[in-house]
Every structure is written in C-alpha cells, then in structure tokens.
Amino acid sequence: MTIGVLFVCTGNICRSPMAEGVFRSMVHRAGFDAAFTIDSAGTYAGHAGESPSRLAVEAAARRGYDISSLRARPVVAADIGRFDHVLAMDRGHLAELRRLAPRGLTERPRMFTAADVADPYGGTARDYERALDLIEGGCRDLLGTLMLETKI
C-alpha cells in the first residue's frame, strides 16, 4: 500500500508541479519511491495538457528537479478519495477542494504549508525562486512527518 500525495494549485503549471517534482526527488533520494504515489492537479482546467510554465521548469531545473515532462490536469472529486494527503497551495484552493470533496472527506484537503505559497504566474524568475523556497521547505517537512507517522 502506498501513501498518496496530491499537490493542488490553480492551473497546475507553476506551484503544484514544482511541489510534485521536489517531493518526488526527495522521496527518491530517501529511497522510498515504492512507498508513495505522487501527483499534482489544478482547480482550473484551462491549462489541461500543458507543460509547466517555462519559468517553473527553469527554476526547478536550477535546483536539480526535472518537471518538464509533467502535464497539467484538473483535480476531480475522486482524487480526494484516492490520495491520502491532498495539499492546497493557498486558502482559495483549500476552499475549492473542500467544496469538491465527496461527503465524509471534506476535511482531507489541507494546506501544504501554514502560509499561502504565493502564485508566481505572470511574475519574474525571482517570484518562482521564492515559491520554490517555500515548496522545498514544505516538502522536507512533509516527508519528515510522513516518515515518522508511517514508520517507513
């Protein structure tokens, strides 16, 4: 049985694919690939099938994360039942996920970090770096917590 982790942002082209790439890399380096199912999605379907934004791909690559093969997809209600940890990048995503959640699972979605991860879309390379700083810290904390909770 694997631990399912889903990262959710707006269009699934900036924050959530960066988080997916970072977390996937950290899990791999820790030797726990088989213990996790990791994915990302967006609350907005308008970018479905698209690659992450160029600045997201470049920022991730500068830190050794390859997210270039990821493709955006919209989050669906079934995701909330399928993934153990449904993580919103900001409070707006959290509210949307809880509206979408099947009955009995409205509390499963939660914030990825205590504070919103600001959307870098339309911003500068530095905005993507700032988002990535928060994402790396959040992924480290998440992996540490899950390793303790599940004793993997």
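Residues numbered from 1 in each chain as written. Predicted model: local features only at pLDDT ≥ 70, side-chain atom pairs only at ≥ 80, totals over all residues. Heavy atoms only, no water.

### Regarding the pattern of salt bridges
Working step 1: On inspection of all chains with the given rule, the structure shows 15 salt bridges.
Working step 2: Arg15 is paired through a salt bridge with Asp119; the nearest N and O atoms lie 3.4 Å apart. Highlighted residues: Arg15 in helix α1 (residues 15-30) and Asp119 in the loop between β4 (109-111) and α5 (125-150), separated in sequence by 104 residues.
Working step 3: We note a salt bridge from Arg130 to Asp127, for which the minimum N-O separation is 2.7 Å. A residue pair is termed a helical-turn pair when its members lie 3 or 4 positions apart in one helix, as Arg130 and Asp127 do in helix α5 at three residues. (Salt bridge = Lys/Arg side-chain N within 4 Å of Asp/Glu carboxyl O. Helix = DSSP H or I, 4+ residues; strand = E, 2+ residues; numbered from the N terminus.)

### Considering the packing of aromatic side chains
Working step 1: Under the definition given, this model contains three aromatic pairs.
Working step 2: Geometrically, the ring pair formed by Phe7 and Phe23 is edge-to-face, given 5.8 Å between the ring centres and 65 degrees between the ring planes. Of the two residues, Phe7 sits in strand β1 (residues 3-9) while Phe23 sits in helix α1, which places them 16 residues apart along the sequence.
Working step 3: Taking relative accessible area as the criterion, Phe7 reaches 0% and is therefore assigned buried.
Working step 4: For the pair Phe23 and Phe36, a centre-to-centre distance of 5.5 Å together with 90 degrees between the ring planes defines the contact as edge-to-face. Here Phe23 is found in helix α1, whereas its partner Phe36 is found in strand β2 (residues 36-42), with 13 residues between them in sequence.
Working step 5: A relative accessible area of 0% places Phe23 in the buried class.
Working step 6: Accessibility expressed as a relative area gives 8% for Phe36, which makes it buried.
Working step 7: An aromatic cluster is present here, built from Phe7, Phe23, Phe36 and Phe112 joined pairwise through their rings. (Phe/Tyr/Trp six-rings, centres within 6.5 Å; stacked < 30°, edge-to-face > 60°. Buried < 20%, exposed > 50% of the residue type's maximum accessible area, 1.4 Å probe, protein only.)

### Details of unusual backbone geometry
Working step 1: Positive phi, normally seen in glycine, also occurs at Asn12, with a value near 60 degrees.
Working step 2: Its relative accessible area of 2% is what places Asn12 among the buried residues.

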